[in-house]
Amino acid sequence: MAVGWFQLIVIAIISLILMLEVKISKGIIHDRSVSYNQDDIKLELHNSGPVALDASITFTAKLIFLKNTVGNDSHAGRYEYVWHDNTAEKKTRIFSNETCEWTKHFDSSNVSAGSYNISVEVYSTILYIFTRRLVLQGSQKFELTEMLNGKLFVRQNDTVHRWKDVYSTLTNLTFAVNLTDSFAYHVKYNYIWLIGGTSYHTTVPSIVMVFNQSGEYTIQPSITASYNKTILHQKNQTESIERYFTQKKRIRLKFPVTAVNFSGQQTVQLGKPLTGNITCNGSSPVALTLCWNVTNSTCISTQFQSSCSFPVNHSLQATPGVYNFSAVIQNDVSRDTSNFRVNITKPPDDVNLAAILVPVVFTVGASIILLAGIVCYHSLQKVNRVETANFDFSADEEDKKHGRVFGAIKEMLLWLFWKLPAQRPVSVRREYSEIST
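Residues numbered from 1 in each chain as written. Predicted model: local features only at pLDDT ≥ 70, side-chain atom pairs only at ≥ 80, totals over all residues. Heavy atoms only, no water.

All right, on to the packing of aromatic side chains then. Tallying each qualifying case throughout the model produces 15 aromatic pairs. Seen from their ring centres, Phe 211 and Tyr 217 are 4.7 Å apart, and the 55° between their planes marks the pair as tilted. The buried category is assigned to Tyr 217, whose relative accessible area is 18%. If you follow Arg 162 out to its NZ or CZ, it ends over the ring of Phe 304, 3.9 Å from the centre. (Phe/Tyr/Trp six-rings, centres within 6.5 Å; stacked < 30°, edge-to-face > 60°. Buried < 20%, exposed > 50% of the residue type's maximum accessible area, 1.4 Å probe, protein only. Lys NZ or Arg CZ within 6 Å of the ring centre and 35° of its normal.)

Once that is clear, we can look at the state of the cysteines. Per the stated rule, a full pass over the model turns up two disulfides. Residue pairing for Cys 280: its cysteine sulfur links by disulfide to Cys 308, the two sulfurs lying 1.7 Å apart. As the torsion about the S-S bond is roughly 120°, the Cys 280-Cys 308 disulfide counts as right-handed. A residue pair is termed long-range when its members are at least 10 positions apart, and Cys 280 in strand S22 (residues 273-281) and Cys 308 in the loop between strand S24 (297-301) and strand S25 (309-315) qualify at 28 residues. Residue Cys 280 shares its accessibility class with Cys 308, and that shared class is buried. Note on cysteine connectivity: Cys 291 is disulfide-linked to Cys 299, with sulfurs 2.1 Å apart. Note on the Cys 291 and Cys 299 pair: the S-S dihedral is about 110°, so by sign convention the disulfide is right-handed. With relative accessibility at 15%, the residue Cys 291 sits in the buried group. The exposure class of Cys 299 is partly exposed, given its relative accessible area of 44%. (Disulfide = S-S within 2.5 Å. Helix = DSSP H or I, 4+ residues; strand = E, 2+ residues; numbered from the N terminus.)

Once that is clear, we can look at the nonpolar core. With 51 residues, the main nonpolar core has Leu 63, Tyr 81, Trp 83 and Phe 175 as its most contacted residues. Among the nonpolar cores identified, the runner-up in size contains 23 residues, and Val 257, Ala 318, Tyr 323 and Ala 327 belong to it. (Core = buried A, V, L, I, M, F, W, Y, C linked by side-chain atoms within 4.5 Å.)

Quick look at a nonpolar patch on the surface now. On the surface, a cluster of nonpolar side chains totalling about 240 Å² of accessible area is made up of Val 360, Val 364 and Ile 368. For Val 360, the location among the structural elements is in helix H2 (residues 353-381). (Patch = residues over 30% accessible without salt bridge, like charges linked within 9 Å, V, L, I, M, F, W, Y side chains within 5 Å. Areas by Shrake-Rupley, 256 points an atom, 1.4 Å probe, with all protein chains shown as cover. Salt bridge = Lys/Arg side-chain N within 4 Å of Asp/Glu carboxyl O.)

What follows is about the sheet that holds strand S20 (residues 258-264). Strand order in the open sheet made by the three strands is S20-S22-S25, with antiparallel pairing throughout. Where the open sheet ends on each side, the last strands, each with one partner, are S20 and S25. Going from strand to strand, the sheet's axes swing by 20° on average, the running direction of each strand aside. Where S22 meets S25, seven bridges bridge the pair, whose relative direction is antiparallel. Residue pairing for S25: Ile 278 is matched across the bridge by Phe 310. (Pairing = 2+ DSSP bridges. Axes fitted to C-alpha atoms, helices over the stretch in contact; angles between N-to-C directions.)

With that settled, consider the confidence of the model for the protein chain. Confidence along the protein chain averages 79 in pLDDT terms, with 70% of residues attaining 70 or more. Within the model, the stretch residues 69-75 combines pLDDT values under 50 with twelve contacts to residues more than four positions away or in other chains. Across residues 420-437, where pLDDT falls below 50, the model places twelve contacts with residues more than four positions away in sequence or in other chains. (pLDDT = per-residue confidence, 0-100. Contact = heavy atoms within 4.5 Å.)

Moving on: the environment of Asn 47. Among the structural elements, Asn 47 can be located in strand S3 (residues 41-47). With relative accessibility at 23%, the residue Asn 47 sits in the partly exposed group. As for Asn 47 and Phe 59, which are separated by twelve residues in sequence, their C-alpha atoms are 4.4 Å apart. Residue contacts for Asn 47: discarding those within four places in its chain leaves Ile 57, Thr 58, Phe 59, Gln 140, Lys 141 and Phe 142. Within the structure, the side chain of Asn 47 is placed 3.4 Å from the backbone oxygen of Lys 141, a separation counted as a polar contact. (Polar contact = N/O pair within 3.5 Å; in protein donor to acceptor, adjacent residues only side chain to side chain.)

This next bit is on the sheet that holds strand S11 (residues 150-155). Within the open sheet, the three strands sit side by side as S11-S13-S16. Their pairing is antiparallel. Single-partner strands in this sheet number two, and they are S11 and strand S16 (206-209). The average undirected angle you get between the axes of adjacent strands in this sheet is 15°. Relative to strand S13 (residues 173-179), S11 runs antiparallel, the two sharing six bridges. Residue pairing across strands places Arg 155 opposite Thr 174, the latter belonging to S13.

Moving on, we come to the pattern of salt bridges. Counting across every chain of the model gives twelve salt bridges. Here Arg 162 and Asp 332 are joined by a salt bridge, their closest N and O atoms 2.4 Å apart. Linking Arg 162 in the loop between S11 and strand S12 (166-168) with Asp 332 in the loop between strand S26 (321-330) and strand S27 (335-345), this pair joins segments that are 170 residues apart in sequence. Classification of Asp 332 as buried rests on a relative accessible area of 4%. One salt bridge connects Glu 239 with Lys 229, and the closest N-O pair in it is separated by 3.1 Å. Taken together, the residues span a long stretch of sequence, with Glu 239 in strand S18 (residues 238-246) and Lys 229 in strand S17 (residues 215-230) at a distance of ten residues. Classification of Glu 239 by relative accessible area gives partly exposed; the value is 26%. Looking at Lys 229, the relative accessible area reads 1%, which means it is buried.

Here it is in structure tokens:
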């Protein structure tokens, strides 16, 4: 009877396993509906190579489900990954979910540098051991090298980079090497930098430089990694290994934009244009963006040109007051913003010039005539009188005096307005000793 019950239990377990296998073949994994066809599942393979011999390399296999369960984007299944590379006959088995990683290092005493192949087979499992079915398989190449692996980087903050490998002078420039090899041994590194023909030594894989001159420079780091490792299959015996890294890079340095200056009008009447010139120092080419914040923000941009000289001729339509305008000048490695002020004044009111000029002209003319008369009067007072025999005792001496004054004024006016020289009377002094009758 006991045997009968045992047989029934075994049959039930086998039936359950078969049912689960059928469900899996139909695409049901842990109650998550997903197509199990190869058209709906993709296998991605990655590796961290190339790596140097004796360094660690990581292989990654990832299952991607192209159709997801509604309301759930995960497929938490249990899979067996069988890894194999063509440097050895042994296979490695790892149980994992949709992503599996395998890390290995290839000993330089057993493997040479070169190109190799890694393959993986992915199996679905139920209760780990009862069922096992191949889902997907794939392979890819990886590289093992004698040299160290890495990349040289050039970094510069707070600058403009219009072109690759073009940087600014007068600003910190960082050169750094990112080595990608990871060793299980204690490694001692030595860093030497050849920059512009000069050698520098550092204890870290980076160096910071400031260049004062523009031009082209060559950067070449040389890194040595030294370590001791145990010889394979020989206990207590070690060997010293050295591996190297070098890379050459050419960069170009330019001067940043400095000393931005505006030479021109600082005060402009409303409605008239602001004229002047904006200049700067720095490497060409340069471009200007001129922005006005008057009634609203308005900007005018130019194309890049070879000289940093930009004429300004802009009409400002605004109420009288003090306003700012900004000049943004950019070249290949920098951008400078300078602010300037302009005072917009109200134009003078229109006046009737005729109403002002006519009285002024008459006033000036009358003053000239009066002054001329005074001058002539005083001049005649100093003229020597002519002594002549005056037989007409009835003539009035005062009338003769006034006659001479008015005659002189007349001559002066003729000289002033018609430019006719006045003929001065010639004084003749005659002496009479006696008069005989």
